[in-house]
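Per-entry structural report
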Amino acid sequence: MPGEQLMYIGGRWIPSQDGLWLDVYNPATGAVLARVPSACARDVDAACQAARTAFDAGVWPAMAERARARILFDAANLVRERRQQLAMLEVTNSGKPMQDALADVDEAAYLLEYYAGWITKLSGEVLPVGPDAMSLVLREPMGVVAAIVPWNYPLLMAMQKVAPALAAGCTVILKPAEQTPMTALELPEIFELAGLPSGVFNVVTGDGPGAGEPLVRHPMVDKISFTGSLEVGKRIQRIAADSVKRVTLELGGKSPNIIFSDADLERAIPGTCLGVFWNQGEVCSATARVYVEDGIFDRVVELIAQEAKKVRLGSGLDPATTMGPLISQSQKRRVEAYIQSAQDDGASLVVQGALPVNPELSGGFYVAPTVFVGAAKHSKIMMEEVFGPVMTLTRFTTESEVIDKANDTPYGLAAAVWTRQIDRGLRVGKAIRAGTVWINDSQPAPSEAPWGGYKQSGFGRELGRQGLEEFLETKHLFIRLH
């Protein structure tokens, strides 16, 4: 019988009031890992009540800045102390390789430190409004935050929302993805030991209809921070409009990767493959549309195929594994359907890597690295987010042509440009309509820099100073002096 976990609401560990449970799977084997409560609207209401009380009548928003910072610093140290345990949960619950999970834990700890440091540095303004008056501009916490996170980076993306929200003085209800709640359920004990007051941080487990939507609708929630699919993001925005809730949306993309003929291929080839095969391709910023200048196209196709064949699929607990399984059987079928659609639409398969041969992994949700050439301009494989290890390679001739191709998408989260001419890199980077453009690199997302998208990739920003400002309101105090 798999172990049963409980939700954390108002400082207490509780089951769902409906008595329902969700199975949590190990995607490497397909086996059930644990059971967690399937929250209902009454559970969500209890979490919102706890967070509202902790904000309106609690000590957290009014606590001295140094004291609040100290709690987050202590939480960071506790995350580091539990590094191996948290990484093990991340591997067995999400499927990613251990080295990637350890990096996620390290960055989660750093995020707590980074935003703890900001707490004592937030300030307002005094505006010149004449000799007999004063205008003060204050920054105040937004209130109760609903943080809804996806399954591809469970701990890291939770901390991208929770750390700045707490630093701003908000109270938080975290809803992890129903597929990957395990590390989220480790955070309450960490925050308790660090001294976070009861009710400030809550975790509600469950699916979108049962827990996510009631959380978005709840009148006590002031702010929604969501990372996930475009369709769910659209629904959240519609629901939030009824009460004019503040919303931050990060909704994925279909990012371009441009390789000019003067690129350093020793860096560009592995960087390009990283941009698609990293984290099993379950990356919102995956640079899966690869555009290659005509003169080097055939050579790049050959090198990409060689690199893709080096990928070793397997359990994230195996040190030899470089790519793990997809998150679920349904996601595996979804990615396989895109691969079939690309072939049906006339794309040519260049390479498809090998699946694991270990019989113990036969129930796992594996899809091998897959590379196509000749995909039609507006085919599904070119226009829709696959969220799996699938790459398309397309020729281009001129700079203006490839800029048009790169921007020919409803998304605008990220892009990569490979060239030795830094002026061209800057010029093309500025012309691409995306929130982040990497020049001679792919996928770094420093916690100090803002992260978010253009167009249908969402709005608002996470990380950096801008990520903290998403959880702050601006207040003007006008004072008549005489």
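Description of the structure in this document. (Residues numbered from 1 in each chain as written. Predicted model: local features only at pLDDT ≥ 70, side-chain atom pairs only at ≥ 80, totals over all residues. Heavy atoms only, no water.)

What follows covers the pattern of salt bridges. The final tally for this structure, using the stated rule, is 30 salt bridges. A salt bridge links glutamate 462 to lysine 161, with the shortest nitrogen-to-oxygen separation between them at 2.5 Å. With glutamate 462 in the loop between strand S22 (458-459) and helix H15 (464-469) and lysine 161 in helix H5 (residues 154-168), this pair connects stretches of sequence that are 301 residues apart. Using a relative accessible area of 1% as the deciding quantity, one classes lysine 161 as buried. For lysine 332, the salt bridge goes to glutamate 336, with nearest N and O atoms at 2.8 Å. Here glutamate 336 and lysine 332 lie together in helix H11 (residues 329-344), a separation of 4 residues that amounts to about one turn. Accessibility expressed as a relative area gives 17% for lysine 332, which makes it buried. Here glutamate 336 falls in the partly exposed class, since its relative accessible area comes to 36%. (Salt bridge = Lys/Arg side-chain N within 4 Å of Asp/Glu carboxyl O. Helix = DSSP H or I, 4+ residues; strand = E, 2+ residues; numbered from the N terminus. Buried < 20%, exposed > 50% of the residue type's maximum accessible area, 1.4 Å probe, protein only.)

Hydrogen bonding along the main chain pairs the strands of a sheet, whether they run parallel or antiparallel. Here we have 7 strands laid out as an open sheet, ordered S15-S16-S17-S14-S13-S19-S20, and mixed in their pairing. The strands lining the two open edges of the sheet, one partner per strand, are strand S15 (348-352) and strand S20 (436-439). Within this sheet the neighbouring strands show an average axis-to-axis angle of 20°, counted without direction. Relative to strand S17 (residues 390-396), strand S14 (residues 289-293) runs parallel, the two sharing 5 bridges. (Pairing = 2+ DSSP bridges. Axes fitted to C-alpha atoms, helices over the stretch in contact; angles between N-to-C directions.)

Moving on to the side chain of asparagine 440. Considering the arrangement of structural elements, one finds asparagine 440 in the loop between S20 and strand S21 (454-455). Within the structure, the side chain of asparagine 440 is placed 2.9 Å from the backbone oxygen of threonine 419, a separation counted as a polar contact. (Polar contact = N/O pair within 3.5 Å; in protein donor to acceptor, adjacent residues only side chain to side chain.)

Okay, the environment of leucine 127 next. Within the secondary structure layout, leucine 127 lies in strand S6 (residues 125-127). Leucine 127 sits in the partly exposed class, given a relative accessible area of 33%. Sequence spacing of leucine 127 and valine 137 is 10 residues, and the spatial spacing of their C-alpha atoms is 7.7 Å. The residues contacting leucine 127, other than those within four sequence positions of it, are Ser135 and Val137. (Contact = heavy atoms within 4.5 Å.)

Before going further, it helps to spend a moment on the sheet that holds strand S23 (residues 472-480). Read across the open sheet, the 3 strands follow the order S6-S7-S23; overall the sheet is antiparallel. The sheet terminates laterally at S6 and S23, the two strands that pair on one side only. If you compare each strand with its neighbour and ignore which way they point, the axes differ by 25° on average. With 3 bridges connecting them, S6 and strand S7 (residues 133-141) associate as antiparallel partners. Following the sheet pairing, leucine 127 is matched in S7 by serine 135.

The next thing to look at is the pairing of strand S19 (residues 414-418). Counting buried residues in S19 gives 5 out of 5 residues, a clear majority hidden from the surface. Here S19 shows a buried face lined by Ala414, Ala416 and Trp418 and a second buried face lined by Ala415 and Val417. Sheet analysis places strand S13 (residues 256-259) next to S19, joined by 3 bridges and oriented parallel. Pairing of isoleucine 258 across the sheet is with valine 417, part of S19. When S19 meets S20, the two strands line up parallel, connected through 4 bridges. Paired with alanine 414 across the strands is threonine 436, a residue of S20. In the classification by handedness, the crossover that spans S19, the intervening helix H14 (residues 422-431) and the parallel S20 is right-handed. (Right-handed = clockwise from strand over helix to strand, strands pointing away.)

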